Amino acid sequence: MPKAYVFTRNGGPEVEAFIEQDVPVPGPGELLVAVRAAGVNPVDWKLRDGYVRPGSEPQSFPAVFGSEAAGVVEGIGPDVEGFAIGDEVFGNPVTGGYAEYTLLPVAVTAHKPAGLSFTDAAVLPVAAATAYDGVRQLGLAPGTTLLITGAGGGVGTAAVQLARRGGVHVIGVASAAKKDFVESLGAVHIESGPGLADRVRAAAPDGVDAVFDLAGGDTLRAVAPLLAAPAALISAGGKPLAVELGGAPVARARTAAVLDEVANLVVTGVLRTHVNRAYPLTGAGDALRAVEDGHSLGKTVIEVVA
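Here goes a summary of the coordinates provided.

Analysis parameters
- Residues numbered from 1 in each chain as written.
- Predicted model: local features only at pLDDT ≥ 70, side-chain atom pairs only at ≥ 80, totals over all residues.
- Heavy atoms only, no water.
- Salt bridge = Lys/Arg side-chain N within 4 Å of Asp/Glu carboxyl O.
- Helix = DSSP H or I, 4+ residues; strand = E, 2+ residues; numbered from the N terminus.
- Buried < 20%, exposed > 50% of the residue type's maximum accessible area, 1.4 Å probe, protein only.
- Pairing = 2+ DSSP bridges.
- Contact = heavy atoms within 4.5 Å.
- Axes fitted to C-alpha atoms, helices over the stretch in contact; angles between N-to-C directions.
- Parallel < 35°, antiparallel > 145°, perpendicular 65-115°, else oblique.
- Left-handed = near helix turned anticlockwise from the far one by under 90°.
- Polar contact = N/O pair within 3.5 Å; in protein donor to acceptor, adjacent residues only side chain to side chain.
- Core = buried A, V, L, I, M, F, W, Y, C linked by side-chain atoms within 4.5 Å.
- Arc of directions from axis to C-beta.
- Phe/Tyr/Trp six-rings, centres within 6.5 Å; stacked < 30°, edge-to-face > 60°.
- Lys NZ or Arg CZ within 6 Å of the ring centre and 35° of its normal.

**Some words on the pattern of salt bridges**
Alright, step 1. Overall, the coordinates contain 13 salt bridges when judged by the stated rule.
Alright, step 2. Here Lys299 and Glu68 are joined by a salt bridge, their closest N and O atoms 2.7 Å apart. Residue Lys299 is found in strand S16 (residues 299–303), and its partner Glu68 is found in the loop between strand S4 (63–64) and strand S5 (69–76); the two are separated by 231 residues along the sequence. We note that Lys299, like Glu68, is buried.

Here's what the structure looks like:
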């Protein structure tokens, strides 16, 4: 039977396990997809810890990890148009991506371009799409200055590139170990940690025009006062805190059209996915630890053998 990596209840790594499960049956508007790759994101372990997405029902168990995946269509549910058996696709699964099979709703599924690998496609639906939505939401003019916290992670890596593409000056907050990587993306690196606000002021004496937060917590609290207009703060790392500080969450579009756009940016060389490391499905726990400890560069991916 097909295997999947799940959490059996809310808790820490001790609640994670591999299970065997039936091949899911696609419902209306859904595709059955044989997974070839799945992106690993901080939200994966946060859901295991008990986080509930706004507007979502409480988690049922066992719950398969993974919010983005790429693979091959093997089944088509009712009321689906524009997809066929054998199509290569990527999107946001409703039954988790750390598995041999999953279900993708067509509303957030796109065809994978031939020039895009499954591994690269699997990191677009959450990380790259969040970055795309956030940079578009800010709508910054060329020459303005954007501060991005968590600039060395999956979303931050894409956000730096997309902002720089628009002629925006970017200051990227990340650990000292990620300095060379962040600078290679075209950003000015600022080390995270105590004294952050003073280091940003020294690097940007004229101030920053906007903040794209991907870290939350103390980092967000430190940089928020640097803005003259709190509304120029958006966050995907500490959404409730951002609202408390006068900002807003990243407004996610969650459409196939956005997935098509970010895939095209990768294929044309405008955006690089920066997949740092790929693990086999049997190493799903190790992949999740790599992201949970906060030290991974770029994106981490789980690859599933056909």
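**With respect to the sheet that holds strand S2 (residues 16–20)**
Alright, step 1. Across the sheet, which stays open at both edges, the three strands sit in the order S2-S1-S4 with antiparallel pairing between neighbours. Unpaired on one side and paired on the other, S2 and S4 mark the two borders of the sheet.
Alright, step 2. Two strands pair when backbone bridges link them, and strand S1 (residues 3–7) and S2 are joined in this way by five bridges, in the antiparallel orientation. In the strand pairing of S2, Val6 is matched with Ala17.
Alright, step 3. Set on the sheet, helix H10 (residues 284–292) makes contact with S1 and S2; between it and S2 the angle comes to about 145°.

**Regarding the packing of helix H3 (residues 124–138) against helix H4 (residues 154–165)**
Alright, step 1. Relative orientation of the contacting elements H3 and H4 amounts to 45°, with a least axis distance of 8 Å. Between H3 and H4, the interaxial angle falls into the category oblique. In this structure, H3 meets H4 at a crossing whose hand is right-handed. Taken together, the residues of H4 that come into contact with H3 (itself represented by Ala127, Ala128, Thr130, Ala131, Tyr132 and Val135) are Gly154, Val155, Ala158, Ala159, Leu162 and Ala163.

**Observations concerning the side chain of Thr109**
Alright, step 1. With respect to the helices, strands and loops of the structure, Thr109 is situated in strand S8 (residues 109–111).
Alright, step 2. Of the residues examined, Thr109 reaches a relative accessible area of 2% and is grouped as buried.
Alright, step 3. Here Pro105 takes part through its backbone oxygen, which lies 2.7 Å from a polar atom of the side chain of Thr109.
Alright, step 4. Once residues within four sequence positions are removed from consideration, Thr109 is found in contact with Leu31, Phe83, Val89, Phe90, Gly91, Leu104, Ala256 and Leu259.

**Thoughts on the nonpolar core**
Alright, step 1. Phe90, Leu124, Leu146, Leu147, Ile148, Val208 and Phe212 are the most contacted members of the largest nonpolar core, which has 65 residues in total.
Alright, step 2. Looking at this core, the element that brings in the most residues is H3, giving seven residues.
Alright, step 3. When residues no more than four places from it in sequence are discounted, the contact partners of Leu147 are Ile171, Val173, Val200, Val208, Ala210, Val211, Phe212, Val223 and Leu226.
Alright, step 4. Membership of the second largest hydrophobic core comes to 21 residues, among which are Val35, Val40, Val43 and Phe65.

**What to know about helix H6 (residues 196–203)**
Alright, step 1. If you check which residues of H6 are buried, you get Leu196, Ala197 and Val200. Seen along its axis, H6 keeps its buried residues to an arc of 95°; they face one direction. Residues of H6 that are exposed and point more than 90 degrees away from the buried face comprise Asp198 and Ala202.
Alright, step 2. Turning to H6, the residues buried within the fold contact strand S9 (145–149), strand S10 (169–174), strand S11 (188–191) and helix H7 (217–223).

**Some words on the packing of aromatic side chains**
Alright, step 1. Counted according to the given criterion, the structure contains five aromatic pairs.
Alright, step 2. Ring centres of Phe65 and Tyr98 lie 5.5 Å apart, and the angle between their planes is 25°; this geometry places the pair in the stacked category. You can see Phe65 sitting in the loop between S4 and S5 and its partner Tyr98 sitting in the loop between strand S6 (88–91) and strand S7 (101–105), a full 33 residues away along the chain.
Alright, step 3. Among the aromatic residues, those joined into a ring-pair cluster are Tyr5, Phe7, Phe18, Phe61, Phe65 and Tyr98.
Alright, step 4. The ring of Phe118 has Lys112 lying over it, and the distance from NZ or CZ to the ring centre is 4.7 Å.

**Looking at the sheet that holds strand S12 (residues 210–213)**
Alright, step 1. In space, the six strands of this open sheet follow the order S11-S10-S9-S12-S13-S14, with parallel pairing throughout. At either margin of the open sheet sits one strand with a lone partner, and together these are S11 and strand S14 (248–249).
Alright, step 2. Looking at chain direction, S12 and strand S13 (residues 233–235) are connected through three bridges and run parallel. Opposite Asp213, over in S13, you have Ser235 as the bridge partner.
Alright, step 3. Of the strands in this sheet, S9, S10 and S11 touch H6, which is tilted by about 155° from S11.

Purely geometric stuff here, so don't read any function into it on its own.
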